[in-house]
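One letter stands for each residue in the lines below.
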Amino acid sequence: MRLTVIGSGTISLSATRGCASYLLEAGEHRILMDVGPGAAHSMARHGVDWWGVTHVMLTHFHLDHIGDLPTLIFAWRHARVESRAAPLTIIGPAGTRELLTRWAAALGDWLHAPGFPLYVMEPLLEEPLDLGGGVTLTSRSVPHTGESVAYSVEHADRRLVYTGDTGEDPSLSAWAAGCDLLLTECSLPDFMPMTLHLTPSQTGALAAAAAPGMLVVSHMYPPLEGIDLRAELGARWAGPTVIATDGLVLDC
Ligand SMILES: [Zn+2]
Ligand SMILES: [Zn+2]
């Protein structure tokens, strides 16, 4: 699999970090994991094949994770002379279908019927979902908003876990244990803890317990920029670590 970081930041406006969005290439699938405001143009800026996205996978409904989904659907419909023909599947927690219905009521019916086949799936928690092509996806509830989920994606004996936004949850590390790549949020410094997000110490503890092949840290608010994140994480976790930047590409 291959992971491209589209946005490693948050809703705190930043010159260098866009809102949450990641492209996961798994077999024949191109799965856009979250699609925060600015993600669509960021994909173009980083040379990502945004036209070829096959799935959009949402972790929760905070705007910094979903804001550019209407933009992308509109772009697939209008950005080129011939609009998109390939089907698109939107995967998200319970309420995703309702979200799209409300957006369509505000923005127009094109959001439901964009001119290409659009499917919506709300997988049951903890139930593996076969996406075809040897790709399996499982979601799990995480403590952030009521609907928030983390995802595990498996393909060809490789496994990636994406936490989405989450607070501290001891059972999350057991669920992620042994994955090849753990893409986790790490929002705020230890001196600014929040129950609904992770600090470097909490992220390091999660990694130490889950023991992934590689830890990728993302979703960073500006107060983290002045901190030696590697040192803070390293107090708990000594394994391979990548601090995400927009445009970064990783094989996993
Ligand atoms: Zn967020
Ligand atoms: Zn959030």
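Below or above, wherever it landed, is the structure these notes cover. (Residues numbered from 1 in each chain as written. Chains lettered and ligands numbered in written order. Predicted model: local features only at pLDDT ≥ 70, side-chain atom pairs only at ≥ 80, totals over all residues. Heavy atoms only, no water.)

**Remarks on the coordination of the zinc ion (ligand 1)**
Okay, so step 1: In the first shell of the zinc ion (ligand 1), the protein supplies Asp64 (OD), His65 (NE2), Asp165 (OD) and His219 (NE2), at 2.1 to 2.3 Å from the metal.
Okay, so step 2: Around the zinc ion (ligand 1), the four donor atoms sit at angles spanning 89 to 160 degrees, and that spread fits a shape best called irregular.
Okay, so step 3: Linear spacing of the donor residues for the zinc ion (ligand 1) on their chain is D-H-x99-D-x53-H.
Okay, so step 4: In this structure, the zinc ion (ligand 1) lies 3.5 Å from the zinc ion (ligand 2), and both are coordinated by Asp165.
Okay, so step 5: Using a relative accessible area of 0% as the deciding quantity, one classes His65 as buried. (Donors = N, O, S within 2.8 Å, 3.2 Å for Na, K, Ca; no water. Tetrahedral: all angles 85-135°; square planar, octahedral: opposite > 155°, others 65-115°. Buried < 20%, exposed > 50% of the residue type's maximum accessible area, 1.4 Å probe, protein only.)

**Some remarks on the state of the cysteines**
Okay, so step 1: Tallied over the full model, the rule gives zero disulfides.
Okay, so step 2: In this structure Cys186 is not part of a disulfide, and its nearest cysteine sulfur, from Cys179, lies 16 Å away. (Disulfide = S-S within 2.5 Å.)

**Let's talk about the sheet that holds strand 5 (residues 88-91)**
Okay, so step 1: One open sheet accounts for seven strands, arranged 6-5-4-3-2-1-14; its pairing is mixed. For this open sheet the edge positions go to strand 6 (118-121) and strand 14 (249-251), each flanked by a neighbour on one side alone. If you compare each strand with its neighbour and ignore which way they point, the axes differ by 20 degrees on average.
Okay, so step 2: Where helix 4 (residues 96-107) meets the sheet, its contacts fall on strand 5 and strand 6, and the angle it forms with strand 6 comes to roughly 135 degrees. (Pairing = 2+ DSSP bridges. Helix = DSSP H or I, 4+ residues; strand = E, 2+ residues; numbered from the N terminus. Axes fitted to C-alpha atoms, helices over the stretch in contact; angles between N-to-C directions. Contact = heavy atoms within 4.5 Å.)

**Points about the layout of surface pockets**
Okay, so step 1: Put simply, the largest pocket is a space of about 260 Å³.
Okay, so step 2: Secondary structure elements with two or more residues in the lining of the largest pocket: strand 1 (2-7) and helix 1 (39-45).
Okay, so step 3: Ranked by residue count, the leading element in the lining of the largest pocket is helix 1, at three residues.
Okay, so step 4: Residue composition of the lining of the largest pocket, grouped by class: seven nonpolar, nine polar and three charged. (1 Å grid on protein atoms, 1.4 Å probe; cavity = no way out; pocket = protein on both sides within 12 Å on 5 of 7 lines; lining within 4 Å. Points joined across faces, edges and corners; volume = space filled by probe spheres on them. Nonpolar A, V, L, I, M, F, W, Y, C, P; charged D, E, K, R; others polar.)

**Observations concerning the sheet that holds strand 11 (residues 181-185)**
Two orientations exist for strands paired in a sheet by backbone hydrogen bonds: parallel and antiparallel.
Okay, so step 1: The mixed open sheet is built from seven strands, whose spatial order is 7-8-9-10-11-12-13. The sheet is open, and its two edges are formed by strand 7 (129-132) and strand 13 (241-243), each paired on a single side. Ignoring which end each strand starts from, the neighbouring axes of this sheet average 20 degrees apart.
Okay, so step 2: Against the sheet, helix 6 (residues 200-210) contacts strand 11 and strand 12 (214-218), and its axis sits at roughly 160 degrees relative to strand 11.

**Focus: the coordination of the zinc ion (ligand 2)**
Okay, so step 1: Protein-derived ligands of the zinc ion (ligand 2) are His60 (NE2), His62 (ND1), His144 (NE2) and Asp165 (OD), with the metal-ligand distances lying across 2.1 to 2.3 Å.
Okay, so step 2: Mapped onto the sequence, the donors of the zinc ion (ligand 2) take the spacing H-x1-H-x81-H-x20-D.
Okay, so step 3: Residue class for His62 comes out partly exposed when judged on its relative accessible area of 34%.

**A look at empty space enclosed by the protein**
Okay, so step 1: What the rule picks out here adds up to one cavity of 30 Å³ or more.
Okay, so step 2: The computed volume of the largest cavity comes to approximately 30 Å³.
Okay, so step 3: Taken together, Tyr22, His65, Tyr162, Gly164, Asp165, Leu183, Thr184, Glu185, Ser218 and His219 make up the full set of residues lining the largest cavity.
Okay, so step 4: It is strand 11 that contributes the most residues to the lining of the largest cavity, three residues altogether.
Okay, so step 5: Here the residues of the lining of the largest cavity sort into three nonpolar, five polar and two charged.

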